[in-house]
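What follows is the residue order along each chain.
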Amino acid sequence: MSDHRDYTVTITLKSPILTPLQSDTIFGHICWAVRFLKWDEDDRLSKFLSLFDEDSQPPLLLSNGFPKGFLPKPVIPPVTQDVLESIYGNENRPENSFRIKTIKKTDIIPKEKFKELQQDIITPEKLFRALNDCYDETIELKKKQQSMMVQHNTIDRIKGSVREGGLFSQEETFFDNDFGVFEIYLNTVYFSFKDLERIFEYISSGGFGRDKSTGKGYFTFEIREGIDLPESKEPNAFMTLSSYIPKENDPTEGYYNMIHKYGKLGGLYAKGTSEVNGNPFKVPLIMFSSGSVFFDGNHEQNKVYGSLLKNVHKNQDIRHYAYAFPVGINVEDRHEEI
């Protein structure tokens, strides 16, 4: 295997997308690409996956996909009422209620603002003030991303016509021109630059996520070496940029949000073939979302958190990607008070 290499993959969506760009789903697409592409060696997917069972650095770590120029907002305790009054004043609070609520609910922060916060200890007040300063920038991005319910007809494949009573709706996400651009961060000791180009070319040509066979999730991409992620000089914690499940002995004290995953197999297994005993679904999982923060006084770059989970399906060859993509941060330590 080669030395550690960092890459940033920039993808530009060319169609609506139904599936979030989360690390475990991206990993699944990468695995199917490795499976179907031709390599100089046989059974490369099995060899690739076997390397995750070793105690050394995993062969691949990857983040969720984030809007270009943005990172997840660190999950830390909310700002106090006293701080809100010091920013807006008592008299102006009703007029600013929508702004306050929007800032509290936002899940992203401009990367440049995050870099500024990384120069010192991150507190709820500093984070809120930073988000207040870039409110217009964040709102502009959200305006360019619209989710709506789109109605579809169910087709009777035998008759070749619309099935009676087969009207259904599903949520689809659309982006204005130049705003459907996302960045995914990768660290690998296994794939070369050319390998990654082949893999993402395969994924982009087939589409990403649900309903890709009907034109959803198509994108173009660009890969460049290096990652522009601001690490704290004196971290006491890490923030994960991926969906994550701690392994035994990983830190669990911190601040976090959780997501429920009902994973569905892709590729050849999506239809519930005999290899998966007719069951295309993994067991339900609870994962920590990107932006979750965990205290670790011994955090350092390239420290590994999480695992490639086993026992997620009756077919023991099937695994689930649950590694953190950590960024060292220094946050106000109040978790013992909560």
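Our subject is the structure listed above.
A brief structural summary. (Residues numbered from 1 in each chain as written. Predicted model: local features only at pLDDT ≥ 70, side-chain atom pairs only at ≥ 80, totals over all residues. Heavy atoms only, no water.)

Here we come to the overall build of the protein chain. The secondary structure content of the protein chain amounts to eight helices and 16 strands. Per-residue burial over the protein chain gives 50% buried out of 338 residues. Residue pairs in contact within the protein chain that sit at least 24 positions apart in sequence constitute 79% of those at least 6 positions apart. Carbon and sulfur atoms provide 46% of the accessible area of the protein chain, an area that totals close to 18,100 Å². (Helix = DSSP H or I, 4+ residues; strand = E, 2+ residues; numbered from the N terminus. Buried < 20%, exposed > 50% of the residue type's maximum accessible area, 1.4 Å probe, protein only. Contact = heavy atoms within 4.5 Å. Areas by Shrake-Rupley, 256 points an atom, 1.4 Å probe, with all protein chains shown as cover.)

Attention shifts here to the environment of leucine 117. Along the chain, the position of leucine 117 falls in helix α5 (residues 111-117). In the structure, leucine 117 is positioned 214 residues away from valine 331 in sequence and 9.7 Å away in space, judged by C-alpha atoms. Other than its neighbours up to four places away in sequence, leucine 117 contacts Ile109, Ile122, Lys126, Leu127 and Ala130.

One open sheet holds the four strands; their spatial order is β10-β13-β9-β16, and the pairing between them is antiparallel. Both edges of this open sheet fall to β10 (254-255) and β16 (326-329), since each of them pairs with a single strand only. Note: strand β9 (residues 237-240) against strand β13 (residues 293-295), three bridges, orientation antiparallel. From the neighbouring strand, phenylalanine 238 faces β13, where its bridge partner is phenylalanine 294. (Pairing = 2+ DSSP bridges.)

All right, on to the environment of glutamate 197 then. Looking at the element boundaries, glutamate 197 is found in helix α8 (residues 193-206). For the pair formed by glutamate 197 and valine 9, sequence separation is 188 residues and the distance between their alpha carbons is 9.6 Å. Aside from chain neighbours lying at most four places away, what touches glutamate 197 is Phe221 and Ile223.

This part is about the packing of helix α4 (residues 97-105) against helix α6 (residues 124-133). How two helices sit against one another is set out by the angle between their axes and by the gap between those axes. Packing of α4 against α6 leaves a shortest axis separation of 10 Å and a crossing angle of 115 degrees. Here α6 runs roughly perpendicular to α4, going by the angle between their axes. Note that α4 runs across α6; the crossing there is right-handed. Listed contacts from α6 to Arg99, Ile100, Ile103 and Lys104 of α4 are Phe128, Leu131 and Asn132. Among the residues making up the contact of α4 with α6, the classes are represented as four nonpolar, one polar and two charged. (Axes fitted to C-alpha atoms, helices over the stretch in contact; angles between N-to-C directions. Parallel < 35°, antiparallel > 145°, perpendicular 65-115°, else oblique. Left-handed = near helix turned anticlockwise from the far one by under 90°. Nonpolar A, V, L, I, M, F, W, Y, C, P; charged D, E, K, R; others polar.)

With that settled, consider the sheet that holds strand β8 (residues 219-225). Read from one edge of the open sheet, four strands run β2-β7-β1-β8, paired in antiparallel fashion. Strand pairing shows two members of the sheet lacking a second neighbour, β2 (60-67) and β8, which therefore form its edges. On average, each strand axis in the sheet is inclined to that of its neighbour by 20 degrees, with strand direction left out of account. The sheet contacts of α8 involve β1 (5-13), β7 (181-188) and β8, and relative to β8 the element is tilted by about 165 degrees.

Moving on to the side chain of serine 243. Along the chain, serine 243 falls in the loop between β9 and β10. Not counting chain neighbours up to four residues away, the residues in contact with serine 243 comprise Gln22, Ser23, Asp24, Asn64, Ile259, Met287, Phe288, Ala322 and Tyr323.

What helix α3 (residues 81-88) keeps buried is the set Val83, Leu84 and Tyr88. End-on view of α3: buried residues confined to an arc of 115 degrees, all on one side of the axis. Residues of α3 that are buried sit in contact with α4 and α6. (Arc of directions from axis to C-beta.)

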